[in-house]
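Here's the letter readout for the chains.
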Amino acid sequence: TWSAGKGSGSITSRKAAPMLRAWSACTSASWSTTLPRATFSNTALRFMAACLKHVDPEVWDPILAGRWLEGYDKPKILAGIRCPTLLLQGDVSLGGMLSESAAAEIQQSVRHCIRQPVAGVGHLIHSLQAETTLRLVGGFLESLVLGDHA
């Protein structure tokens, strides 16, 4: 039993099984043929594992059943974003999750979207390149103060 979770505050190994299957699916060789595997430091892996201990195991049910995008209307959702948006795009070959076409679609669909590719990093841009992230986000926020995005 792990001391995390919903209700009694613990996750039994039976409840943890779906989390482990989902994690395995996301890091398996078959997954990496469609999306490159990200490489993480031991510290990052320990942090992610600690965070996963606090996830309600039922969160994984729709993922494992292949239903996690049911009802997800991407064009409607993207069109509904009205605030200025900074889209940081990692390198797909390093584990970044947005392909060129997906990032371009988001940029075209979201009003006031600024797309910023970040070289040399995959998915966890804010963690793996914190200084770059702070510089990019800071510049973006300064542009909002100076610009008119109504």
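The text that follows walks through the structure, step by step, so that each part is easy to find. On a predicted model such as this, the values are computed, not experimentally measured, just so you know.

## Details of the overall build of the chain
Thinking step 1. Looking only at helices and strands, one finds eight helices and two strands in the chain.
Thinking step 2. Taken from N to C terminus, the helices and strands of the chain fall in the order α-α-α-α-α-β-α-β-α-α.
Thinking step 3. Across the 150 residues that make up the chain, the buried fraction comes to 21%.
Thinking step 4. In the chain, the proportion of contacts linking residues at least 24 apart, taken out of those at least 6 apart, comes to 64%.
Thinking step 5. Here the chain displays about 10100 Å² of accessible surface, and carbon together with sulfur accounts for 59% of that area.

## A look at the pairing of strand β1 (residues 85-89)
Thinking step 1. Here β1 shows a clear split, with T85, L87 and Q89 buried on one side and none of L86 and L88 buried on the other.
Thinking step 2. Here β1 pairs with strand β2 (residues 113-117) via five bridges, running parallel. Looking across to β2, one finds that L86 is bridged to I114.

## Remarks on the pattern of salt bridges
A side chain of one charge can pair with a side chain of the opposite charge when the charged atoms of the two come close.
Thinking step 1. By the definition in use, this model includes two salt bridges.
Thinking step 2. E105 serves as the salt-bridge partner of K74, at 3.0 Å between the closest nitrogen and oxygen. A residue pair is termed long-range when its members are at least 10 positions apart, and K74 in helix α5 (residues 74-79) and E105 in helix α6 (residues 100-109) qualify at 31 residues.
Thinking step 3. R115 is the salt-bridge partner of E100, the closest N and O atoms lying 2.5 Å from each other. Taken together, the residues E100 in helix α6 and R115 in strand β2 connect sequence positions 15 residues apart.
Thinking step 4. Looking at E100, the relative accessible area reads 55%, which means it is exposed.
Thinking step 5. Since its relative accessible area comes to 19%, R115 is described here as buried.

## A closer look at a nonpolar patch on the surface
Thinking step 1. On the surface, a cluster of nonpolar side chains totalling about 510 Å² of accessible area is made up of I63, W68, L69, Y72 and I77.
Thinking step 2. With respect to the element layout, I63 can be found in helix α4 (residues 61-64).
Thinking step 3. Since its relative accessible area comes to 32%, I63 is described here as partly exposed.

Definitions and limits used
- Residues numbered from 1 in each chain as written.
- Predicted model: local features only at pLDDT ≥ 70, side-chain atom pairs only at ≥ 80, totals over all residues.
- Heavy atoms only, no water.
- Helix = DSSP H or I, 4+ residues; strand = E, 2+ residues; numbered from the N terminus.
- Buried < 20%, exposed > 50% of the residue type's maximum accessible area, 1.4 Å probe, protein only.
- Contact = heavy atoms within 4.5 Å.
- Areas by Shrake-Rupley, 256 points an atom, 1.4 Å probe, with all protein chains shown as cover.
- Pairing = 2+ DSSP bridges.
- Salt bridge = Lys/Arg side-chain N within 4 Å of Asp/Glu carboxyl O.
- Patch = residues over 30% accessible without salt bridge, like charges linked within 9 Å, V, L, I, M, F, W, Y side chains within 5 Å.

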